[in-house]
Amino acid sequence: MKHSLGAMLFNCGSQNKYKRLDAKLEKKMIEFKRNSAKNTNFKSINSIILRFPQIKEGLKDIRGVFEQYDEDANGAIDREELKRCLQKLQIKLKDQEVEDLFHSCDIDGSQGIQFNEFIVLLCLIYLLVESPSSAHSVSATSRTSSPELEATFDTIIEAFLFLDKNGDGKLNKKDVLKALNDDSPGEKSPARISKSRFQELDWDKNGKVSFREFLFALINWVGIDSDEETES
């Protein structure tokens, strides 16, 4: 699935489709990195992997939200359903912002947001929507009605910030290599392993990994839809 998703993202038009949104995400991550405390819950790649079950559990509730807004029950949320979803969640976005989110999350070009894509979309909205009364970029809890889900999104953001060693709002091969090598200081990770891990993240093959790309890879690794049939 990793490779097929990557191929879809790579073949799905030019990078310009994602440029505006990824630029906003990069700016947010730089801001978070600058303002975040030095202490982090993550000390290594392994410490992130150990949180996969917790992340998966925290994302399970999104299934109910997805089914609620997939009004025609066809397994995907189209543009109009997405607009109504945002209205009901009281999230105000400009039409261009909605289009950017839709295109950036519809990685298979199906003109519909599948479940795993919807998880990414909600996390991006959580990250990007400004709350005037809060220093945090995340909107009020009432928007998602789920403190557990917000805590899960915060964990994912923190994992990205841990891997972003130089704080430039994106991951590069050096960042990933450093994180892999930090797990075993006395024994450097083989180059082929580092390259393979980075390729799983860098789907558009431009040498950099945006937070959006990281989200898709992480959700794939966590296996959020592996028991989709039994949960539905």
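Located above this text is the structure these notes cover.
Just so we're clear, the structure is a prediction, and the values are computed from it rather than from any experiment.

Colleague: Quick rundown of the environment of Phe 66? Include the residues and the values.
Modeller: Along the chain, Phe 66 falls in helix α5 (residues 62-69). Overall, Phe 66 belongs to the buried group, its relative accessible area being 3%. C-alpha separation for the pair Phe 66 and Gln 114, spaced 48 residues apart in sequence, amounts to 8.8 Å.

Colleague: Kindly report on the packing of helix α9 (residues 147-163) against helix α12 (residues 211-222), identifying the contributing residues and their values.
Modeller: The N-to-C vectors of α9 and α12 enclose an angle of 115 degrees; their axes lie 11 Å apart at closest approach. Read as a crossing pair, α9 and α12 show a hand that is right-handed. Facing α9, whose interface residues are Ile 156, Ile 157, Ala 159, Phe 160 and Leu 163, α12 presents Phe 211, Phe 214, Leu 215 and Leu 218.

Colleague: Quick rundown of the nonpolar core? Include the residues and the values.
Modeller: One finds Ile 62, Leu 124, Phe 153, Phe 211 and Phe 214 to be the most contacted residues of the largest nonpolar core, which totals 64 residues. Take this core: its biggest share by element is 12 residues, from helix α8 (residues 115-128). Phe 153 has contacts with Leu 59, Ile 62, Ile 119, Leu 122, Cys 123 and Tyr 126, leaving out every residue within four places of it along the chain.

Colleague: So, unusual backbone geometry: which residues are in play, and what are the values?
Modeller: Glycine aside, a negative phi is what most residues show, and trans is what most peptide bonds show. In this structure, Ala 73 is a non-glycine residue whose phi angle is positive, near 55 degrees. Tracing the backbone through its elements, the reader meets Ala 73 in the loop between α5 and α6 (79-88). The phi angle at Gln 111 is positive, at roughly 65 degrees, despite the residue not being glycine. By secondary structure assignment, the location of Gln 111 is in the loop between α7 (95-105) and α8. A residue is classified by how much of its surface remains accessible, and Gln 111, at 43% relative accessible area, is partly exposed.

Basis of the calculations
Residues numbered from 1 in each chain as written. Predicted model: local features only at pLDDT ≥ 70, side-chain atom pairs only at ≥ 80, totals over all residues. Heavy atoms only, no water. Helix = DSSP H or I, 4+ residues; strand = E, 2+ residues; numbered from the N terminus. Buried < 20%, exposed > 50% of the residue type's maximum accessible area, 1.4 Å probe, protein only. Axes fitted to C-alpha atoms, helices over the stretch in contact; angles between N-to-C directions. Left-handed = near helix turned anticlockwise from the far one by under 90°. Contact = heavy atoms within 4.5 Å. Core = buried A, V, L, I, M, F, W, Y, C linked by side-chain atoms within 4.5 Å.

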